[in-house]
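Chain and residue survey
Next come the chains, spelled out residue by residue.
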Amino acid sequence: MLVCKVPESDNITFEKPGSREDFDYPNMAEEAGQKALSDAGIPYSAVEQAYVGYVYGDSTCGQRAVYHSLGLTGIPVVNVNNNCATGSTALFMARQVIQGGLANCVLALGFEKMERGSLTSKFMDRENPVGKHMEVMVNKYGLAAAPVASQMFGNAGKEHMEKYGTKVEHFAKIAWKNHSHSTNNLNSQFQKEYSLEEILQSRKVFDFLTVLQCCPTSDGAAAAILASEEFVRNNGLESKAVEIVAQEMTTDFPSSFEENSCIKAVGYDMTKEAAKRCFSKAGLKPEDVDVIELHDCFSVNELITYEALGLCPEGKAGELIERGDNTYGGKWVINPSGGLISKGHPLGATGVSMWWGGAECLGLANGRLGNIPSG
């Protein structure tokens, strides 16, 4: 049986957009890519294909990112754009190529050079790709003068509170936990701990969602080297390789649009199905997992993802949070990196960096994350 392994991955420190002068996306890609290659102990000439993810930029930025940063070896370079899932999609595609026997060593690279402030649409002369999702929200709660993403997830949180009795404090406690975790991550954009009261009293972005419960825009990059079991053995990389036991990717189901639910519209059912398939393929249950890195673009998304992953029954995420089962000393350590809320969210890099953060916390990537608490 072919087993896809990741000999090494790496990411650079995520930063506030524009923090460094003359630090463009090729520089980010070079820094992350060369770190991953160095850690794996292989030259770029060993890489047979590259999947390069980014959201904001002209066509073929992927080629520009690797040509004069990593090498001109004539390999296929595939540009990947899948919004917040861009980095994980690049990883997914790279793994499929290896599983199919078409390559033995593949680079998954993600980067983003972003603008400051909330995300905005760039093409106003055509249909918005999330227009149908927004219709669900507008029909249920209307449209406010606030960033659209914060409204989508904020209204999913309102729905959860109305349906299950979840409290505003539950969402704030997630942000409090993630900001606390970030103090252990040397690559985090923010490394400051806040009190729960500071989280609750920070600037309002939409409804109950405060700025400290929302991920920032970021500049940054992350890279992973994926390889077949044969490549790992032939190059003596067994001690560095991390096996990908299972990986799934799903998209929307009819429920996203037909059930008048903001929770469903922001991806609950697709997450639930992906988790179900992944656990089944791995032969594991949520209780078998110790560390989880998940997509906390807003505190709301982390809370509803607890339920979608099967960590608790639907409507019981608030109780999980109250028990402290999402941090050190609890049942799971969730987002030990600080999550997107603290670590930052350079869209193209996030999916790759989340894998890296999880591996680091397990002590599988040379311990560069920082000091990880015990318990």
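Residues numbered from 1 in each chain as written. Predicted model: local features only at pLDDT ≥ 70, side-chain atom pairs only at ≥ 80, totals over all residues. Heavy atoms only, no water.

1. Considering the overall build of the chain
Across its full length, the chain holds 15 helices and 10 strands. Taking 21 Å as the expected radius of gyration for a compact globule of 375 residues, we find that the chain reaches 20 Å, a close match to that expectation. With the C-alpha coordinates of the chain rotated into their principal frame, the extents come out at 55 × 50 × 40 Å. Out of the 375 residues in the chain, the part that is buried amounts to 55%. Across the chain, contacts joining residues at least 24 apart in sequence account for 77% of those joining residues at least 6 apart. Entry remark: accessible area of the chain is about 16,300 Å², with carbon and sulfur atoms responsible for 50%. For the chain, the distance from the average position of its 33 positive side-chain charges to the average position of its 46 negative side-chain charges is 3 Å. (Helix = DSSP H or I, 4+ residues; strand = E, 2+ residues; numbered from the N terminus. Rg over C-alpha atoms; globule rule 2.2 N^0.38 Å. Buried < 20%, exposed > 50% of the residue type's maximum accessible area, 1.4 Å probe, protein only. Contact = heavy atoms within 4.5 Å. Areas by Shrake-Rupley, 256 points an atom, 1.4 Å probe, with all protein chains shown as cover. Lys, Arg positive; Asp, Glu negative; His and termini not counted. Charge placed at Lys NZ, Arg CZ, Asp CG, Glu CD.)

2. Details of the pairing of strand 3 (residues 77-80)
Walk down a regular strand and you will see the side chains alternate between the two sheet faces. Sheet analysis places strand 2 (residues 49-53) next to strand 3, joined by four bridges and oriented parallel. Bridging from a neighbouring strand, A50 pairs with V77 of strand 3. Traced from strand 2 through helix 2 (residues 61-67) to strand 3, the parallel crossover comes out right-handed. (Pairing = 2+ DSSP bridges. Right-handed = clockwise from strand over helix to strand, strands pointing away.)

3. Let's talk about the pattern of salt bridges
On inspection of all chains with the given rule, the structure shows 16 salt bridges. Note that E273 and R277 form a salt bridge whose closest N and O atoms lie 2.9 Å from each other. Note that E273 and R277 are positioned in helix 11 (residues 268-282) at a spacing of four residues, about one turn of the helix. Judged by its relative accessible area of 23%, E273 falls in the partly exposed class. With a shortest N-O distance of 3.5 Å, K316 and E319 are connected by a salt bridge. (Salt bridge = Lys/Arg side-chain N within 4 Å of Asp/Glu carboxyl O.)

4. Examining helix 3 (residues 86-99)
In this model, helix 3 (14 residues) spans 20 Å end to end at C-alpha, consistent with the 20 Å of a helix rising 1.5 Å per residue. Counting buried residues in helix 3 gives 10 out of 14 residues, a clear majority hidden from the surface. Within helix 3, burial applies to T86, G87, T89, A90, L91, F92, A94, R95, V97 and I98. Of the residues trailing helix 3, G101 is marked for its positive phi of about 75°. (Expected span 1.5 Å × (residues − 1).)

5. Some words on the packing of helix 4 (residues 131-141) against helix 5 (residues 148-164)
At a minimum axis distance of 10 Å, the contact between helix 4 and helix 5 shows a crossing angle of 50°. Considering their axes alone, helix 4 and helix 5 lie oblique with respect to each other. Helix 5 is crossed by helix 4, and the crossing has left-handed handedness. Here H133, M134, M137, K140 and Y141 of helix 4 come into contact with helix 5, specifically with V148, Q151, M152, N155, K158, E159 and E162. Here the residues of the contact of helix 4 with helix 5 sort into five nonpolar, three polar and four charged. (Axes fitted to C-alpha atoms, helices over the stretch in contact; angles between N-to-C directions. Parallel < 35°, antiparallel > 145°, perpendicular 65-115°, else oblique. Left-handed = near helix turned anticlockwise from the far one by under 90°. Nonpolar A, V, L, I, M, F, W, Y, C, P; charged D, E, K, R; others polar.)

6. Some points on the packing of helix 5 against helix 12 (residues 299-308)
Running from N to C, helix 5 and helix 12 cross one another at 50°; their axes reach a closest spacing of 9 Å. In terms of their interaxial angle, helix 5 and helix 12 are classed as oblique. For the pair helix 5 and helix 12, the crossing hand works out as left-handed. Taken together, the residues of helix 12 that come into contact with helix 5 (itself represented by F153, A156, G157 and H160) are V300, N301, L303, I304 and E307.

7. Describing unusual backbone geometry
A positive phi angle, close to 65°, is found at T60, a residue other than glycine. Overall, the relative accessible area of 40% leaves T60 in the partly exposed class. The phi angle at N260 is positive, at roughly 50°, despite the residue not being glycine. Mapped onto the elements, N260 comes out in the loop between helix 9 (255-258) and helix 10 (262-265). Taking relative accessible area as the criterion, N260 reaches 41% and is therefore assigned partly exposed.

Function-wise, these values are silent; they only describe arrangement.
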